[in-house]
Amino acid sequence: MNNLIRRSWSSMGSSIGSKQTMNALLNSMDSLELFQSSNVIGIRGNEGLMGGLIRGFHVSNPLQIKSSPTGKGTTKYRKHFKGTMKGIAHQGNHVSFGSYALQALDHSWITAKQIEAGRRVMTRYTRGGGKLWVRIYADKPVTQKPAEVRMGRGKGNPAFRVAVVQPCRVIYEIGGVSENVAREAIKIAASKMPIKTRFLIGDKRPDV
């Protein structure tokens, strides 16, 4: 981790700060944690924030922070408004990567556990064959207050994450398998969804 940050610090040039000072800070800390907020990068160690903040620097791989498909990751705000689910999906409403897809027909919140359950049953049915794409992402935190708590005293704590799904939104895509295998796998995954769905066939089909 230290060598990775040193290489990135060296590539940024001497206009940001002294490389000797940066190396001294890295050598003085036992453990490092790289964090990012908007266009701000910082290095956090055992003794708190070290070395200040570097502003106006674009983060590129391998230092870019990524989130998992289940929705666990860094966000700007921990709590979101409830929001609305009006209209239909104008983006992500067609087969883009695979040959067959599962398309939503209703408005709903789909939790990260439901997304993962559908992905697992499709992977298990195809026995690792073909390729699977998850087209939705649980990036909306939902808060809940404990039981038997009076009204007021602020918003509850985040309990789980959901993906806001509108009609025509593609949830899963699969390719590299026959149509019969894809239909059965998507049928099992559809049983894990809280909404009505349909089987969608793309323009390009695999030769299997």
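Further up the page is the structure itself.
The model shown is predicted, which means the values in this text are computed figures rather than measured ones. (Residues numbered from 1 in each chain as written. Predicted model: local features only at pLDDT ≥ 70, side-chain atom pairs only at ≥ 80, totals over all residues. Heavy atoms only, no water.)

Trainee: Looking at this structure, I do not really get the sheet that holds strand 10 (residues 197–201). What am I missing?
Mentor: Think of a sheet as strands paired side by side through backbone hydrogen bonds, with each pair either parallel or antiparallel. Here we have 4 strands laid out as an open sheet, ordered 6-9-4-10, and antiparallel in their pairing. Each having just a single partner strand, strand 6 (131–134) and strand 10 make up the two edges of the open sheet. On average, each strand axis in the sheet is tilted by 20 degrees relative to the strand beside it, whichever way the strands run. Across 4 bridges, strand 4 (residues 100–104) lies against strand 9 (residues 170–175) in antiparallel orientation. By the bridge assignment, Leu-102 is partnered in strand 9 with Tyr-172. Running at roughly 15 degrees to strand 9, helix 3 (residues 112–126) makes contact with strand 6 and strand 9 of the sheet. (Pairing = 2+ DSSP bridges. Helix = DSSP H or I, 4+ residues; strand = E, 2+ residues; numbered from the N terminus. Axes fitted to C-alpha atoms, helices over the stretch in contact; angles between N-to-C directions. Contact = heavy atoms within 4.5 Å.)

Trainee: Explain the nonpolar core to me, please; I cannot follow it from the model alone.
Mentor: As a rule of thumb, nonpolar side chains are buried together in soluble globular proteins. Ranked by size, the top nonpolar core spans 22 residues in total, and within it Ile-110, Ile-115, Met-122, Ile-136, Ile-171, Tyr-172 and Ile-174 carry the most contacts. Elements with a contribution of two residues or more to this core: strand 4, helix 3, strand 8 (157–165), strand 9 and helix 4 (179–190). Excluding residues that lie within four positions of it along the chain, Ile-171 makes contacts with Leu-102, Ala-104, Ile-110, Trp-133, Val-134, Arg-135, Ile-136, Met-193 and Thr-197. (Core = buried A, V, L, I, M, F, W, Y, C linked by side-chain atoms within 4.5 Å. Buried < 20%, exposed > 50% of the residue type's maximum accessible area, 1.4 Å probe, protein only.)

Trainee: It is not clear to me how helix 4 should be interpreted in this structure. Could you clarify?
Mentor: Residue pairs spaced three or four apart in an α-helix point in one direction, given the helix's 3.6 residues per turn. The first and last C-alpha atoms of helix 4 sit 16 Å apart over 12 residues, in line with the 16 Å expected at 1.5 Å per residue. Where helix 4 is concerned, the buried positions are Ala-182, Ala-185, Ile-186 and Ala-189. Seen along its axis, helix 4 keeps its buried residues to an arc of 95 degrees; they face one direction. Projecting away from the buried face of helix 4 at angles above 90 degrees are the exposed residues Asn-180 and Lys-187. At its buried positions, helix 4 is contacted by strand 4, helix 3, strand 9 and strand 10. (Expected span 1.5 Å × (residues − 1). Arc of directions from axis to C-beta.)

Trainee: Teacher, can you tell me more about the sheet that holds strand 8 here?
Mentor: The strand order across the open sheet formed by 3 strands is 5-8-7, and the pairing between neighbours is antiparallel. At either margin of the open sheet sits one strand with a lone partner, and together these are strand 5 (108–111) and strand 7 (140–144). Between one strand axis and the next, the sheet turns through 50 degrees on average, direction left out of account. Two elements, strand 7 and strand 8, share 5 bridges in a ladder whose sense is antiparallel. Of the residues in strand 8, the one forming a bridge with Lys-140 is Val-162. In the packing of helix 3 onto the sheet, contacts are made with strand 5 and strand 8, and the angle to strand 5 comes to roughly 70 degrees.

Trainee: Explanation requested: the packing of aromatic side chains in the structure shown.
Mentor: The geometry of an aromatic ring pair comes down to the distance between the two centres and the angle between the two planes. By the definition in use, this model includes 2 aromatic pairs. Pairing Tyr-100 with Phe-199 gives two aromatic rings, centres 5.6 Å apart and planes at 20 degrees, and the pair type is stacked. Within this pair, whereas Tyr-100 is found in strand 4, its partner Phe-199 is found in strand 10, the two being separated by 99 residues in sequence. Using a relative accessible area of 3% as the deciding quantity, one classes Tyr-100 as buried. (Phe/Tyr/Trp six-rings, centres within 6.5 Å; stacked < 30°, edge-to-face > 60°.)

Trainee: Even after reading the chapter, I still don't get helix 3, so can you show me in this structure?
Mentor: Here helix 3 spans 22 Å end to end across 15 residues, near enough to the 21 Å set by a 1.5 Å rise per residue. Inspection of helix 3 places Ala-112, Ile-115, Glu-116, Gly-118, Val-121, Met-122 and Thr-126 among the buried residues, and these make up the whole buried set. Residues of helix 3 that are buried make contact with strand 5, strand 6, strand 8, strand 9 and helix 4. Downstream of helix 3 by a residue or two, Arg-127 has a phi angle that is positive, lying close to 55 degrees.

Trainee: How should I be thinking about the pairing of strand 4 in this particular structure?
Mentor: For a regular strand, the rule is simple: side chains alternate between the two faces of the sheet. Among the 5 residues of strand 4, 5 are classified as buried, and the element is accordingly described as predominantly covered. Going residue by residue along strand 4, you find Tyr-100, Leu-102 and Ala-104 tucked away on one face and Ala-101 and Gln-103 tucked away on the opposite face as well. Relative to strand 10, strand 4 runs antiparallel, the two sharing 5 bridges. Looking at the pairing, Ala-101 lines up with Leu-200 of strand 10.

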